[in-house]
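These are the residues of each chain, in order.
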Amino acid sequence: MFDRSIKIAPSILSADFADFGREIRAVEEQGADWIHVDVMDGHFVPNLTFGPPLCKAIRPHISTVMDVHLMIAPVDPYIEAYAEAGADIITAHLEAGPHIHRTLQAIRAAGCKAGLALNPGTGLADIDYLLDMVDLICVMTVNPGFGGQKFIHSQIDKVRRLRAMIGERPVHIEIDGGMAPDTAPLMAAAGADVLVAGSAVFRGGSVSDPAPYGANIRAIRTAANAAVGAG
Ligand code: DX5
Ligand code: ZN
């Protein structure tokens with residue numbers, strides 16, 4: 001049975017970069033289901049974060065799922081490095097290059113689950129022949145590159161239509177950007193099951209006082225579950 005229950009994936013983009021190991025363990029102890037790792041190359045997006053060496057260094061601290069979101073172009077030359085770094089899921093953007101079919105094949109060939117990310121401006125017309133090649137589709141609800149941005153409401157309809165397209169396939173719908181207790185129910189009701197949250201999870205807490213992380217995660221999960229009648 002494919003697990004479509006609501007899952008919260010804190011994005012370490014909003015964590016203390018100088019203390020990733022303890023931040024990851026703290027947010028997992030406080031209820032995180034997955035750990036979302038935002039890789040930015042300063043080219044595909046106007047920001048630069050970290051690469052395979054950092055991913056390898058944080059892997060031992062992740063006991064849940066390492067969900068690597070590649071905002072880089074090109075993607076293919078780096079897939080092996082992120083697989084070796086310990087990624088469970090590698091997500092590439094449809095907009096990152098002309099050969100997404102080959103990229104998704106290469107991610108699975110490297111032994112990882114394959115994710116496909118769509119920018120807010122990208123429609124669903126080009127994914128028909130990719131639905132059986134992915135384990136996850138990430139709908140960006142902000143323009144990628146930064147945390148703390150405003151949720152783009154036009155994507156609710158996209159998720160509703162995507163959920164219908166996926167049907168019974170074992171494919172997660174991940175929402176990335178602006179997830180909080182007020183926006184998460186909108187996407188859960190539309191059919192999403194994985195909710196990435198950076199600023200809304202790490203706000204107000206720290207590794208020495210992680211209780212706010214737990215309260216933030218519970219607030220998002222409770223709001224989303226209420227929208228789908230799950231307790
Ligand atoms: C943005 C990243 C997101 C970001 C989400 O490009 O892909 O994962 O960290 O941060 P919030 O939840 O603060 O919008
Ligand atoms: Zn992300």
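(A) Geometry of the pairing of strand β6 (residues 136-140). Buried residues dominate β6, accounting for 5 of its 5 residues. Burial along β6 is two-sided: the face carrying L136, C138 and M140 and the face carrying I137 and V139 are both buried. One ladder, built from 5 bridges, connects β6 with strand β7 (residues 172-176); its direction is parallel. Within β7, the residue paired with V139 across the bridge is I175. Following the backbone out of β6, through helix α5 (residues 155-166) and into the adjacent parallel β7, one traces a crossover that is right-handed.

(B) Representation of the environment of V228 in the model. Tracing the chain through its elements places V228 in the segment after α8 (211-227). When its relative accessible area of 41% is taken as the criterion, V228 is described as partly exposed.

(C) Quick look at the pattern of salt bridges. Tallying each qualifying case throughout the model produces 8 salt bridges. A salt bridge links D33 to R221; the nearest nitrogen and oxygen atoms lie 2.8 Å apart. Of this pair, D33 sits in the loop between α1 (20-29) and β2 (35-40) while R221 sits in helix α8, and the two are 188 residues apart along the sequence. Judged by its relative accessible area of 25%, D33 is partly exposed. Its salt-bridge partner being D157, residue R161 comes within 3.1 Å of it at the nearest N-O pair. Taken together, the residues span about one helical turn, with R161 and D157 both in helix α5 at a distance of 4 residues. Residue classification places R161 among the partly exposed positions, given a relative accessible area of 46%. Its relative accessible area of 38% is what places D157 among the partly exposed residues. Residues joined in a network through salt bridges with shared partners are D3, K7 and D193.

(D) Structural view of the coordination of the zinc ion (ligand 2). Surrounding the zinc ion (ligand 2) are the protein donor atoms H36 (NE2), D38 (OD), H69 (ND1) and D176 (OD), at 2.0 to 2.3 Å. Seen from the zinc ion (ligand 2), its 6 donor atoms lie at angles of 71 to 169°, and the figure they make is octahedral. Mapping the donors of the zinc ion (ligand 2) onto the primary sequence gives the spacing H-x1-D-x30-H-x106-D. Placement of D38 in strand β2 and of D176 in strand β7 is noted, with a sequence separation of 138 residues between them. Residues D38 and D176 agree in their burial class; the two are buried.

(E) Just the site of ligand 1, in detail. The environment of ligand 1 is made up of 20 residues, and the closest members are D38, G145, D176, G198 and S199. A distance of 3.4 Å separates an oxygen atom of ligand 1 from a polar side-chain atom of H36. S199 places a polar side-chain atom, nitrogen or oxygen, 2.5 Å from an oxygen atom of ligand 1. Here ligand 1 has 380 Å² of accessible area as a free molecule, and 100% of this is covered by the chains. The pocket occupied by ligand 1, as judged from atoms lying within 2 Å of grid points, is the largest pocket. Elements with a contribution of two residues or more to the shell around ligand 1: β2, β3 (66-71) and β8 (194-197). Tallying contributions element by element places β2 first for the shell around ligand 1, with 3 residues.

(F) Summary view of the packing of aromatic side chains. Under the criterion given, the structure shown has 4 aromatic pairs. Where F202 meets Y213, the ring centres are 5.1 Å apart and the plane angle is 70°; that geometry is what we call edge-to-face. A residue pair is termed long-range when its members are at least 10 positions apart, and F202 in helix α7 (residues 199-202) and Y213 in helix α8 qualify at 11 residues. A residue is classified by how much of its surface remains accessible, and Y213, at 1% relative accessible area, is buried. Among the aromatic residues, ring-to-ring pairing joins F17, F20 and F50 into one connected group.

Reading guide: rules and limits
Residues numbered from 1 in each chain as written. Chains lettered and ligands numbered in written order. Predicted model: local features only at pLDDT ≥ 70, side-chain atom pairs only at ≥ 80, totals over all residues. Heavy atoms only, no water. Buried < 20%, exposed > 50% of the residue type's maximum accessible area, 1.4 Å probe, protein only. Helix = DSSP H or I, 4+ residues; strand = E, 2+ residues; numbered from the N terminus. Pairing = 2+ DSSP bridges. Right-handed = clockwise from strand over helix to strand, strands pointing away. Salt bridge = Lys/Arg side-chain N within 4 Å of Asp/Glu carboxyl O. Donors = N, O, S within 2.8 Å, 3.2 Å for Na, K, Ca; no water. Tetrahedral: all angles 85-135°; square planar, octahedral: opposite > 155°, others 65-115°. Near = heavy atom within 4 Å. Polar contact = N/O pair within 3.5 Å; in protein donor to acceptor, adjacent residues only side chain to side chain. Areas by Shrake-Rupley, 256 points an atom, 1.4 Å probe, with all protein chains shown as cover. 1 Å grid on protein atoms, 1.4 Å probe; cavity = no way out; pocket = protein on both sides within 12 Å on 5 of 7 lines; lining within 4 Å. Sits in = over half its atoms within 2 Å of the grid points. Phe/Tyr/Trp six-rings, centres within 6.5 Å; stacked < 30°, edge-to-face > 60°.

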